[in-house]
Amino acid sequence: MIDIAPSILSADFARLGEELKAIEAGGASVVHVDIMDGQFVPNITVGLPVVKAVRGATRLLVDTHLMITEPGRWVEQFVEAGSSMVSVHVEAEPHLHRALTTIKSSGAQAGVAINPATPLMALEEALPFVDYVVLMSVNPGFGGQKFIRTALDKLRRLRRLIDERGFKVRIEIDGGIDTSNIAEAVAAGAEIIVAGSAVFNNADPAQAVRDLRNSAAQFV
Ligand code: DX5
Ligand code: ZN
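Residues numbered from 1 in each chain as written. Chains lettered and ligands numbered in written order. Predicted model: local features only at pLDDT ≥ 70, side-chain atom pairs only at ≥ 80, totals over all residues. Heavy atoms only, no water.

### Brief notes about the coordination of the zinc ion (ligand 2)
Now for step 1: In the first shell of the zinc ion (ligand 2), the protein supplies His32 (NE2), Asp34 (OD), His65 (ND1) and Asp174 (OD), at 2.1 to 2.3 Å from the metal.
Now for step 2: Between the six donor atoms coordinating the zinc ion (ligand 2), the angles at the centre fall across 72 to 173°, so the site counts as octahedral.
Now for step 3: Mapped onto the sequence, the residues coordinating the zinc ion (ligand 2) show the spacing H-x1-D-x30-H-x108-D. Within this pair, whereas aspartate 34 is found in strand β2 (residues 30-36), its partner histidine 65 is found in strand β3 (residues 61-67), the two being separated by 31 residues in sequence.
Now for step 4: Classification of aspartate 34 as buried rests on a relative accessible area of 7%.
Now for step 5: Accessibility expressed as a relative area gives 0% for histidine 65, which makes it buried. (Donors = N, O, S within 2.8 Å, 3.2 Å for Na, K, Ca; no water. Tetrahedral: all angles 85-135°; square planar, octahedral: opposite > 155°, others 65-115°. Helix = DSSP H or I, 4+ residues; strand = E, 2+ residues; numbered from the N terminus. Buried < 20%, exposed > 50% of the residue type's maximum accessible area, 1.4 Å probe, protein only.)

### Focus: the environment of threonine 102
Now for step 1: Secondary-structure assignment places threonine 102 in helix α4 (residues 96-105).
Now for step 2: As for threonine 102 and glutamate 184, which are separated by 82 residues in sequence, their C-alpha atoms are 34 Å apart.
Now for step 3: Side-chain polar atoms of threonine 102 contact the backbone oxygen of arginine 98, separated by 2.6 Å. (Polar contact = N/O pair within 3.5 Å; in protein donor to acceptor, adjacent residues only side chain to side chain.)

What follows is the structure in structure tokens.
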């Protein structure tokens, strides 16, 4: 089961409600919300009020990607604001177990996110406590960056690691995904596919979601 998760980072924030309706119409199942603090990553985006607004405006699962320093301090509030899924970066949180179990006990799915050059070893011990891993295929901070192709081999190794240990952990891929590479990502083991610019920089975001789903089906 493949979930297409458009990232609102590239949406028109003045028309967020309409943008959400469009991706629902296109068959998206998840909406990805990128939270950046200007410290962990060199950009600042949105926070709790926007998560609340998105929650109130859509029936899609709200997937909150925290690109903030020490995210564990904030996870409960992001669940209370309406996140169905919350991910924290392995590079940003010294108390990963606590952050992940807090997300779960607050009632959301827990994810651990990992940057392109961080070894998989860094999240191995966290696998028993997560529902999904966010494998970054760009350096987090901005939409519209080029897909880093070494992420595909890393994705295959992560899939194998998860399957060998018998964990029920899904892999989300985030960054630079479009119709040219989505099938490779799915074939390598990704099940939740984030796409920002490929969806919202298209004049017809609903059709862009359909195009991604059709391209994803090519290799599987
Ligand atoms: C990058 C964000 C991504 C971003 C993806 O820091 O985590 O979710 O919005 O955008 P595209 O699909 O344009 O790379
Ligand atoms: Zn993201």
